[in-house]
Each structure stands twice: as structure tokens, then as C-alpha cells.
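# Results of the structural survey
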Amino acid sequence: MKMKLKVENMRVVLSKKDIISDINLSVGEGEFVSVLGASGCGKSTLLKAIAGMLPLEGGSIFAGGKRIDNIPAYKRNIILLFQDIRLFPHMTVAENIAFALKIKKIPVERREAGVKALLQQIKMEGLGNRNINQLSGGQQQRVALARALAAEPEILMLDEPFSSLDENLRFDMRLLLLDIHKKYHMTTIMVTHNKDEALSMSDKIALMDGGRIIQSGTPEDIYENPVSCKAAKYFGDASFFEGTVSNGKFQSTEFSVDCNLKEGKYMLMVRNDAVEPTAGDDFDFIQRVYTGKEEEYIYQHCVTGSKIRCLSNKKTDPFPAPSKTSFQLNLERLRFYKI
Amino acid sequence: MTNKNSIFRVIMALVAVCILIPIILMTAWAFTSRWQWPDLLGESLSLRGFEEVFINNVQGFRILVSSVFISMEAAFFATVIGYMSAQAFVMYDFPFKKWLHFGSMLPIIIPSSVFAMGIHVYFIKWGINDSIIGVLIGHVLYCLPYTVNILGDSREALGNRYEQQAMMLGCDGVTAFFHITLPLMLPSVISAFSMAYIISFSQYFITMLLGGGVVKTYAVLVFPLISAGDRTIAGAYTLVFLLSSMMIFILFEGVIKFIVKKIVGTET
């Protein structure tokens, strides 16, 4: 795949503090990459630096093979859609969409045709003369997307684009964005803290923590094989147990598991779908978490107090769950991290 | 909510009355030959005041026109410099920012006579006393605190979010200013210009001192006439003052809105 964006050893310092450092990121042409991470981990800073709104303290950025970190933001042809949408309030919907075309001095007829096609694309035909304050949050988001597309950017970047939308709108907007991404073969980078969003939409995910990318890879890879406890903990549906490996066996108060690891202290990660209740009384039932599409039981170890999450099968597991149980682990799904 | 609205309306009505009553009185005086206490109305209609303004005082109209131009220039420069200062104070961090901001307010903090005499000393040194350029600089300096404050508040409220977005869409700084910032700040720009214009146009002491009697503005012309106590003439001059200022405000608002509409109004 042809490389569209390459970030090498990027470092950004704000108020004498390292906000992001050692950032290396490659995005292929037409690829959809999500930058995932908790609030304050530097995701938005990364996008702003790529867009040219923040100066680099070190490193370089290449777009389409050309170094761009030394050229101003308005010449990079990389568009960043901000979290707060930022539609121009003194312009109508059509004027907002046509803005980039006007700046490029595209003739009026072509501008009008472009706006019409984009309004159709975002399913807002006939609303071109509306004022921005007459639109709903979802409509504003769609107009912002159309305005960005009108500029025909080489790379489209979105900073938490759906965070202000309700769940239904968010789903629709995800579909629209993916549709546009495929139709225009757009190279897209999206910042999000929503793991489901990142897993469901991306070709690749870059997971950030503390201003660094701690892992990048396909959604399947990053979910199934997190490289560290931090990476694993981000996805939230796992339990962790500290123990020691000796003689090919991981031993903690809660579990004893055969493994093929060097001796030392390890953290065992157990996903909620890798545990199966079995006869015993090591764990006490403390909570049922029902989310509609799935149901989880939370148990607590009767000695250490550590918690384990167990995904129930709603069809076969009758509720209430057993008040005391033990668990057997699916060895293939376990992950160990040296500590 | 209704209660609050009623209070607001009463306050607005009081403000309107306070502004309108003097205008009505001066208008009545301008067209009256004699108006003695305790008569409710003046004795007879008279155009003596306007004859004095437009016919007898041959220099009056010329001074009015040149005064309008001086004040328009002063207001223009005060608005432009005020915007740039406001932009710097609001958007950038630099050493002694707070002190400099405070310094920019000094012309209205210290008495205008002290301010005028202070800059007069320097203008004599620089050889620009008793000249239009000296009067113009004095007026601009005196208007700056108002324009910096008006535009600073508005610039702060606007932030640089829209400019950043415009730059993402391919605008350089200047294009972003004319397409985005200026249209969004238009009400404040008009307010700042109007405020600066009226301060400059009504400035008597600074003009007298820095102009040394050589540079005559409308305020300098009118002040002794009003002081003389002839209310008919004072009324006529005041009406001309008011109407010319109103015309300038309308003209400026029209021109700047036309320019902005030319730039922004036809995006598609």
C-alpha cells in the first residue's frame, strides 16, 4: 500500500512540557486510522501538529512522500474537523460548504454543482439556504464533513467527531463517514476515546497513552494481543491478576495456570469471555451488569478481594447467578505481561 | 421572566427619554427666536441659528467638513490600531503584557488636560505641534483606550477557533481575517469606530492645545458660540453636529457592510 502520511519521532512541547513524544505513525493511502486513548493522552495534540497548528519540537511529517512540517497549515491540504464543529455562523449551509472552493477561486457554476452534490451526499438536499443555528447537532456535523470534503483534502482528520451526538445519531454518522471514506477513497485519521468506535470503523488503530503511541495495529490484533497491561486495560472488559511464574506455571492466589514463560513476576489478563464458571466457592457474586446486548457477572475473590468479570450467556445461564463459584480459564485467550 | 423583561423595558425607556429630551429641546431651541420662562413654547419660529451656521459664518461649513475628515481618519486609525493591540493582548503572551494593557488605558485614566499637556511637550520637540498631524495623533491616542477595550472584549469572546478552521480550509491569515474575523466582529468594529469618531469629533481641549488655534475643528468653532449663551445658535450648531455624526455612522456602517458582503456574501 502506498504511504500517504508518515510521522517520524514527533515531539510537541507546550508551556515547556512534553505533550507528545517519540510519535511514529504511518498511514497508507485510503486507510482509516483511529487514534485511541484516554482524555489528555495527547491525541488531539497529535492531530493539530499534523495539521500544522502546533509547532514541532522535534521529528518530521511527510505527506505523499513530501516533507510538510516546514510549510504552513493552509498549504498542507490536510483538513482537521474539530470536535466543536466550527461552522461559520455568518454563512448559510451552502456558503459554509462552498467556502474552500471560493478560497480556491473555483468558478461559481462549479461551486454550485459541488455544493449540490455534497448536500446530496450528506442527505441534506434543499437545506443549502438554512442558517447554521437552524440545524440540529447531527446536521451541523454533516455540514462540517461536507465542507471538509469540498476542499478535496489529501488527508481528512477528525477530532472526536461524534462525541456531542446521541447514540442513534452517532451510529448514523459512523455509517455516513465510512461511506464517504470508501466512496472518495479518503485517507482518514480519527481521534476517539470510544473503543467501540475505533474497533468497528478502523483499518488500523494507534493506541496512545501519556503522549506516546503504545501500540498500533489492526483492530483484531490490538484487541486480541495487547502489548502491555495499559493497552489491555484500555478495552476495559478484562480482569487482571498478579502472580509469579516458576517451573512453567503461573501461580497467583486466584489461579494456577500452565504457561511457557521465563520465571518472574507477571500480570495475567483474563477477558470476560475467557472464563467459565465451574464447581467451587473461590469467588463471591457481587454484581450483575446488564447492557441489553450482553450481560456480565462480577465476582470477587473471597481471599484477595480481586474482581473477575464473566460474560454470561443470557440464553443458557439462568439469573440469579450462583452466589459462590470458581472459574476455569480458556488458556488460548489468556495473556501474560511481565511486571 | 416577564417581570425581568418589564424592568428591562422601563430602564430602556428611561435611557431613551434621557437621550431624546435634550435632542428635542435643542431642536426646539434651534428653530426658536425667543423662548422665555415660563412659556411652554417659544415665541416664534426662526431660522436665525441656521443662517448663522451656513450663511454668516462662511468658514463654518469648511471647518465642519475638515473636522469630519480629521475625526474619520482618527477613528479609522484608532480602530485599526485598537484591533491590532486587542489582538495582541488577547491572543499572545509576552513580557509585561498586563502593564502594557494598563498603559493603553492611561489616556482615559489621567485627566485629559494632563494627557494633552504631556504629549504637547513631545510634539513641540518633534515639531508636529500646531499641525493637523499632531491633532490627529493626539485624537488617535485619546480614542485608543475605547477601541482597545471594545474590540478586545469582542476578540476574546470570538477566540481563534473560526480562523483556525478557515486556515484548515486553505486560507492564509489575511484571507481568514477578511472572510471570517472581520464579518464576525463587525458589530464591535462599528461600535469602536463610532465611539472613536464621536470622541474625536467632540474633542475641544486636546484640539485647542495641540492645534494651537491653527487647526480648527467643529468643536473648537462651536465651543465659544455655545459659551456665549445664544441658545438658538447653540441649538443649530448642536443639530448640525448630531446630524453630521449620524450621517457618518450610517455611511461607515453601510460601507463596511458592503465591503464584507462583497467578500463573504456570495460564497456560492
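Since we're looking at a predicted model, the values are computed, not measured.

### Examining the side chain of Thr79(B)
Relative to the assigned elements, Thr79(B) resides in helix α3 (residues 58-91). Taking relative accessible area as the criterion, Thr79(B) reaches 9% and is therefore assigned buried.

### Describing the interface of chain B and chain A
Between chain B and chain A, the residue contacts involve 23 residues of the former and 30 residues of the latter. Summing the contributions of chain B and of chain A, the shared interface buries around 2,300 Å²; its carbon and sulfur component is 67%. In this assembly, chain B and chain A are joined by one salt bridge. If you look at where chain B meets chain A, you find four residue pairs in polar contact (both at pLDDT 80 or more). Broken down by secondary-structure element, the contributors of at least two residues to the side of chain B that touches chain A are α8 (161-168), α9 (173-184) and α13 (231-264) of chain B.

### So, the pattern of salt bridges
Within this structure, the stated rule accounts for 23 salt bridges over all chains. A salt bridge links Asp237(A) to Arg271(A); the shortest N-O distance between them is 2.9 Å. On the criterion of sequence distance, the pair formed by Asp237(A) in the loop between α8 (229-234) and β11 (238-246) and Arg271(A) in strand β14 (residues 264-271) is long-range, its members being 34 residues apart. Neither Asp237(A) nor Arg271(A) differs from the other in exposure class; each is buried. In this structure, a network of salt bridges that share partners links the residues Asp84(A), Arg86(A) and Arg161(B).

### What to know about the domain arrangement of chain A
Residue and element names in this part refer to chain A. Per the domain assignment, the segments making up chain A are domain 1 (3-229) and domain 2 (237-338). Centre-to-centre, using C-alpha coordinates, domain 1 lies 39 Å away from domain 2. Across the boundary between the two partners, domain 1 contributes seven residues, which contact eight residues of domain 2. For the pairing of domain 1 and domain 2, the buried interface totals around 700 Å² over both sides, and the portion due to carbon and sulfur atoms is 43%. Three residues, Tyr-223, Glu-224 and Cys-229, lead the burial of domain 1 against domain 2; their summed loss comes to 66% of the area buried on that side. Across the contact surface, domain 1 and domain 2 share one salt bridge.

### Observations regarding unusual backbone geometry
Generally, phi is negative for residues other than glycine and the peptide bonds are trans, each holding for most cases. Residue and element names in this part refer to chain A. With phi around 60°, Lys-123 is a residue other than glycine that occupies positive phi space. Along the polypeptide, Lys-123 turns up in the loop between α3 (108-121) and α4 (137-150). Judged by its relative accessible area of 58%, Lys-123 is exposed. Even without a glycine there, the phi angle at Glu-152 is positive, about 50°. Tracing the backbone through its elements, the reader meets Glu-152 in the loop between α4 and β7 (155-159).

### So, the sheet that holds strand β13 (residues 256-258) of chain A
Residues and elements named next belong to chain A. Strand order in the open sheet made by the five strands is β13-β12-β11-β14-β19, with antiparallel pairing throughout. Looking at strand neighbours, the two that pair on one side only are β13 and β19 (335-338), the edges of this open sheet. Averaged over all pairs of adjacent strands, the angle between strand axes in this sheet comes to 35°, irrespective of strand direction. Sheet topology note: the β11/strand β12 (residues 249-251) ladder contains three bridges and is antiparallel. Residue pairing for β12: Val-245 is matched across the bridge by Phe-250.

### Some points on the packing of helix α2 (residues 93-103) of chain A against α4(A)
All names here are of chain A. For the pair α2 and α4, the least separation of the axes is 7 Å and the interaxial angle reads 25°. Of the possible angle classes, the one that applies to α2 and α4 is roughly parallel. Considering how the two elements wind past one another, α2 and α4 form a crossing that is right-handed. Contact with α2, carried on its side by Val-93, Asn-96, Ile-97 and Leu-101, involves Val-143, Ala-146, Arg-147 and Ala-150 of α4 and no other residues of that element. Class assignment for the residues of the contact of α2 with α4 results in six nonpolar, one polar and one charged.

### Remarks on helix α6 (residues 112-126) of chain B
Residues and elements named next belong to chain B. Compared with an ideal rise of 1.5 Å per residue, which puts 15 residues at 21 Å, α6 spans 21 Å between its outermost C-alpha atoms and is within 8% of the ideal. Turning to α6, the residues buried within the fold contact α5 (106-109), α7 (132-158) and α11 (205-211). Immediately downstream of α6, the backbone of Gly-127 shows phi near 75°, a positive value.

### Quick notes on the packing of aromatic side chains
Pairs of aromatic rings are described using the distance from one ring centre to the other and the angle between the two planes. All names here are of chain B. If you walk through the whole model with that rule in mind, you get 28 aromatic pairs over all chains. Geometrically, the ring pair formed by Phe-201 and Phe-241 is tilted, given 4.8 Å between the ring centres and 45° between the ring planes. Residue Phe-201 is located in helix α10 (residues 186-201), and its partner Phe-241 is located in helix α13; the two are separated by 40 residues in the primary sequence. Per residue, the accessibility class of Phe-201 equals that of Phe-241, and both read buried. Centroid distance Tyr-218 to Tyr-237: 5.9 Å. Interplanar angle 55°. Geometry classified as tilted. In this pair, Tyr-218 sits in helix α12 (residues 218-227) while Tyr-237 sits in helix α13, placing the two residues 19 residues apart along the sequence.

### Notes on α10(B)
Residue and element names in this part refer to chain B. Its 16 residues place the ends of α10 22 Å apart at the C-alpha level, agreeing with the 22 Å of an ideal helix rising 1.5 Å per residue. A large share of α10 lies buried, amounting to 12 of its 16 residues. For α10, the full list of buried residues reads Leu-186, Ser-188, Val-189, Ile-190, Ala-192, Phe-193, Ser-194, Ala-196, Tyr-197, Ile-199, Ser-200 and Phe-201.

### A word on the pairing of strand β16 (residues 295-301) of chain A
All names here are of chain A. Counting buried positions over the seven residues of β16 gives six, a clear majority of the element. Pairing of strand β15 (residues 275-290) with β16 involves seven bridges; the strand directions are antiparallel. Residue pairing across strands places Arg-288 opposite Tyr-297, the latter belonging to β16. Between the end of β15 and the start of β16, which pair antiparallel, lie four residues, with Gly-292 showing a positive phi angle near 95°. The sheet contact formed by β16 and strand β17 (residues 307-312) spans six bridges and is antiparallel. Within β17, the position partnered with Glu-295 by the bridge is Ser-312.

### Some words on the domain arrangement of chain B
Residues and elements named next belong to chain B. For chain B, the domain assignment lists domain 1 (1-46) and domain 2 (57-264). Look at where the C-alpha atoms of domain 1 and domain 2 centre, and you get two points 29 Å apart. Counting from both sides, the interface comprises eight residues of domain 1 and, opposite them, eight residues of domain 2. For the pair domain 1 and domain 2, the summed buried area comes to about 630 Å², and 75% of that belongs to carbon and sulfur atoms. On the domain 1 side of the contact with domain 2, Met-26, Trp-29 and Ala-30 bury the most area, a combined 68% of that side's loss. Counting across the interface, domain 1 meets domain 2 through zero salt bridges. Across the domain 1-domain 2 interface, the total number found is one residue pair in polar contact (both at pLDDT 80 or more). Within the side of domain 1 that touches domain 2, the residues separate by chemical class into five nonpolar, three polar and no charged.

Calculation criteria
- Residues numbered from 1 in each chain as written.
- Chains lettered and ligands numbered in written order.
- Predicted model: local features only at pLDDT ≥ 70, side-chain atom pairs only at ≥ 80, totals over all residues.
- Heavy atoms only, no water.
- Helix = DSSP H or I, 4+ residues; strand = E, 2+ residues; numbered from the N terminus.
- Buried < 20%, exposed > 50% of the residue type's maximum accessible area, 1.4 Å probe, protein only.
- Contact = heavy atoms within 4.5 Å.
- Buried area = accessible area lost by both parts, 1.4 Å probe.
- Salt bridge = Lys/Arg side-chain N within 4 Å of Asp/Glu carboxyl O.
- Polar contact = N/O pair within 3.5 Å; in protein donor to acceptor, adjacent residues only side chain to side chain.
- Domains from an automatic or database assignment.
- Pairing = 2+ DSSP bridges.
- Axes fitted to C-alpha atoms, helices over the stretch in contact; angles between N-to-C directions.
- Parallel < 35°, antiparallel > 145°, perpendicular 65-115°, else oblique.
- Left-handed = near helix turned anticlockwise from the far one by under 90°.
- Nonpolar A, V, L, I, M, F, W, Y, C, P; charged D, E, K, R; others polar.
- Expected span 1.5 Å × (residues − 1).
- Phe/Tyr/Trp six-rings, centres within 6.5 Å; stacked < 30°, edge-to-face > 60°.

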